[in-house]
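Coordinate inspection notes
Each chain, written out:
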Amino acid sequence: MPTVHEICDAVGGKVHGDGAIEITGVQSLDDAAANDIAPFDDPNYVDAARGSKAGCVIVTAALAENIGGTHIVHEFPVFAMNTVIEMLGMAPTRPAAGRHPTAEIDPAANVPESCSIGPNVVIGAGARLGERCVVRANATIEPGVIAGDDCTIDYAAVLHEGTVLGHRVTIGTGAVISRQGFGFTRSPNGPVHIHHVGRVEIGDDSAIGACCNIDRARFGATRVGKMSGLDFGVHLGHNSSVGDRSYVAAQTGLAGHAFIGNDCEVGGQAGFANHSGVGDGSRVGAQTGLIKDYGPGCTLWSTPAVDMKLAFKMNATLRRIAKGKAR
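Here is a short report on the structure shown in this document. Please read these numbers as outputs of a predicted model, since none were measured by experiment. (Residues numbered from 1 in each chain as written. Predicted model: local features only at pLDDT ≥ 70, side-chain atom pairs only at ≥ 80, totals over all residues. Heavy atoms only, no water.)

1. A closer look at the sheet that holds strand β20 (residues 207-208)
Sheet strands line up and pair through hydrogen bonds in the backbone, either parallel or antiparallel. Operational definition: For two strands to be treated as a pair, DSSP must find no fewer than two bridges joining them. Only DSSP runs of H or I with at least four residues qualify as helices, and only runs of E with at least two residues qualify as strands; both kinds are numbered from the N terminus onward.
Read from one edge of the open sheet, 12 strands run β6-β8-β10-β12-β15-β20-β23-β26-β29-β32-β34-β35, paired in mixed fashion. Both edges of this open sheet fall to β6 (98-99) and β35 (306-307), since each of them pairs with a single strand only. Relative to strand β29 (residues 265-266), strand β26 (residues 247-248) runs parallel, the two sharing two bridges. Paired with Val-248 across the bridge in β29 is Val-266.

Right, here's the structure in full:
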């Protein structure tokens, strides 16, 4: 098992204390023992860090003075812990290349030998996978789907026609990508479903959580940018978009043509009406309801969405009224 010194060399930090301690596990500050290492980057946990039994703590320079004992100073402690987990052999491993005998791969599909194809996978004609892709059991990849190198398609995920994945994209268990969008129109015989003939584009290094649904665009594309993440159960309607480096928490829904810019954070169960959205660098609180374009750099909460500080004032006023105090 690696020592603190060896871990420090691997993550590119600076050791303070006993670098010879052998590390055998990773834990939180509260649960760590003498041979565990724990991350510390939040000033709200100073007391937990001081009282921790961890053999070593990875900590930012700004917080290092708040603790004693052995520690490694690193600008990004949580990121550095990824390397530690890998050194300890605790990170998920990619399965070996190969094709399970129950997989059904159309002869007209392009599936490199470096890919790992699990049991009962179905891959349609004209689908193209990049090198070293992993497709786990019971996943379905329809004709014409395109995936870049090192993508992972998890258990029972469905990639419909029109799906285009960049490199190193992860599609979670049970996710449904590029299904027909939700839209109806009138006809002489009553309502009919509108055909959606666009595509879904997901950029490099993005992760789509389990049970997410991303609708195929009517025309053009429904998009998720590079290095972005959707939590479990997120729904993106047709022609909606999420920018680069943006993160959307569970059960959030975007209606058709709704949008989230670059470098945004969206809390769980937020709802975006048609054509509504936020620009770059915005934050949206949980259960917020958006009804228009709010522009870049905003911080929103409540329904209909307002500036978060105003939302707090509104709630405080309502509490005073409820207690019989009008002012």
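On we go.
2. Observations concerning helix α4 (residues 77-87)
Filter applied, for reference: Residue burial is assigned from relative accessible area. The probe radius is 1.4 Å, only protein chains are included, and a residue is buried under 20% of its type maximum, exposed over 50%, and partly exposed in between. This arc is taken over the directions from the axis of the helix to the C-beta atoms. Here a residue-residue contact requires only that any non-hydrogen atoms of the pair lie within 4.5 Å.
Those residues of α4 lying buried are Pro-77, Ala-80, Met-81 and Val-84. Along the axis of α4, the buried residues cluster in a sector spanning 110°; they form a single face. Projecting away from the buried face of α4 at angles above 90 degrees are the exposed residues Phe-79 and Glu-86. Check the buried side of α4 and you find it contacts α1 (4-11), β2 (25-26), β3 (36-40) and β4 (56-59).

3. A look at the packing of α1 against α4
Rules: Axis definition: a line fit to C-alpha positions, over the contact stretch in the case of helices; interaxial angles, taken between N-to-C directions, run 0 to 180 degrees. Convention used here: angles under 35 degrees read as roughly parallel, angles over 145 as roughly antiparallel, angles from 65 to 115 as roughly perpendicular, and any remaining angle as oblique. In this scheme the crossing of two helices becomes right-handed for a clockwise turn of the near helix relative to the far one and left-handed for an anticlockwise turn of less than a right angle. The classification used treats Ala, Val, Leu, Ile, Met, Phe, Trp, Tyr, Cys and Pro as nonpolar, Asp, Glu, Lys and Arg as charged, and all other residues, Gly among them, as polar.
Two elements in contact, α1 and α4, have axes whose closest approach is 10 Å; the angle formed by their N-to-C orientations is 125°. Classified by the angle their axes make, α1 and α4 are oblique. Like other packed secondary-structure pairs, α1 and α4 cross with a definite hand, here right-handed. When α1 is examined against α4, the residues Glu-6, Ile-7, Ala-10 and Val-11 are found in contact with a partner set consisting of Ala-80, Thr-83, Val-84 and Met-87. Considering only residue class, the contact of α1 with α4 consists of six nonpolar, one polar and one charged.

4. Examining the pattern of salt bridges
Inclusion rule: A side-chain nitrogen of Lys or Arg and a carboxyl oxygen of Asp or Glu constitute a salt bridge if their distance falls within 4 Å.
With the rule as written, the count across this model stands at nine salt bridges. Asp-215 is the partner of Arg-179 in a salt bridge, and the nearest nitrogen-oxygen pair spans 3.3 Å. Note that Arg-179 is positioned in strand β16 (residues 176-179) and Asp-215 in strand β21 (residues 213-215), a separation of 36 residues in sequence. Among the salt bridges present, the one from Glu-265 reaches Arg-283, with a minimum N-O distance of 3.9 Å. A residue pair is termed long-range when its members are at least 10 positions apart, and Glu-265 in strand β29 and Arg-283 in strand β32 (residues 283-284) qualify at 18 residues.

5. Thoughts on the nonpolar core
Just so we agree on the cut-off: Residues belong to a common nonpolar core when they are buried Ala, Val, Leu, Ile, Met, Phe, Trp, Tyr or Cys residues joined through side-chain atoms within 4.5 Å.
One finds Leu-129, Ile-171, Ile-202 and Leu-230 to be the most contacted residues of the largest nonpolar core, which totals 49 residues. Sequence-distant contacts of Leu-230, defined by excluding residues within four places in its chain, comprise Ala-207, Ile-208, Gly-209, Cys-212, Ile-214, Val-224, Leu-236, Val-242 and Val-248.

6. Some thoughts on the packing of aromatic side chains
Heads up, the rule is: Only rings of Phe, Tyr and Trp enter the pairing, Trp through its six-membered ring, and a pair is recorded when the two centres are within 6.5 Å. The plane angle decides the type: under 30 degrees is stacked, over 60 is edge-to-face, the rest tilted.
Per the counting criterion, the structure on display carries two aromatic pairs. Residues Phe-182 and Phe-184 carry aromatic rings whose centres are separated by 5.5 Å and whose planes lie at 80° to one another, so their mutual orientation is edge-to-face. Residue Phe-182 is classed as exposed on the basis of its relative accessible area of 62%.

7. A short note on the pairing of strand β19 (residues 199-202)
Side chains of β19 alternate between two faces, with Val-200 and Ile-202 buried and Arg-199 and Glu-201 left unburied. Pairing analysis gives three bridges linking strand β14 (residues 163-165) to β19, with the strands arranged parallel. What sits directly across from Thr-163, in β19, is Val-200.

8. So, the pairing of β3
Using the following cut-off: Handedness of a crossover: with both strands directed away from the viewer, a clockwise path from the first strand across the helix to the second marks it as right-handed.
By the criterion of burial, β3 is predominantly enclosed, with four of the five residues buried. Pairing of β2 with β3 involves two bridges; the strand directions are parallel. Counted as the bridge partner of Val-26 is Ile-37 from β3. Strand direction decides the pairing type here: β3 and β4, joined by four bridges, are parallel. Residue Ala-38 lies in a different strand from β4, and its bridge partner there is Val-57. The handedness of the β3 to β4 crossover, carried by helix α2 (residues 46-51), is right-handed.

9. Digging into unusual backbone geometry
For the peptide bond that leads from Thr-303 to Pro-304, omega is -10°, which places it in the cis range. Its location among the elements puts Pro-304 in the loop between β34 (299-301) and β35. Of note, the phi angle at Asn-120 is positive, near 60°, even though the residue is not glycine. By the element assignment, Asn-120 lies in the loop between β8 (116-117) and β9 (122-123). Its identity is not glycine, yet Asp-150 carries a phi of approximately 60°, on the positive side.

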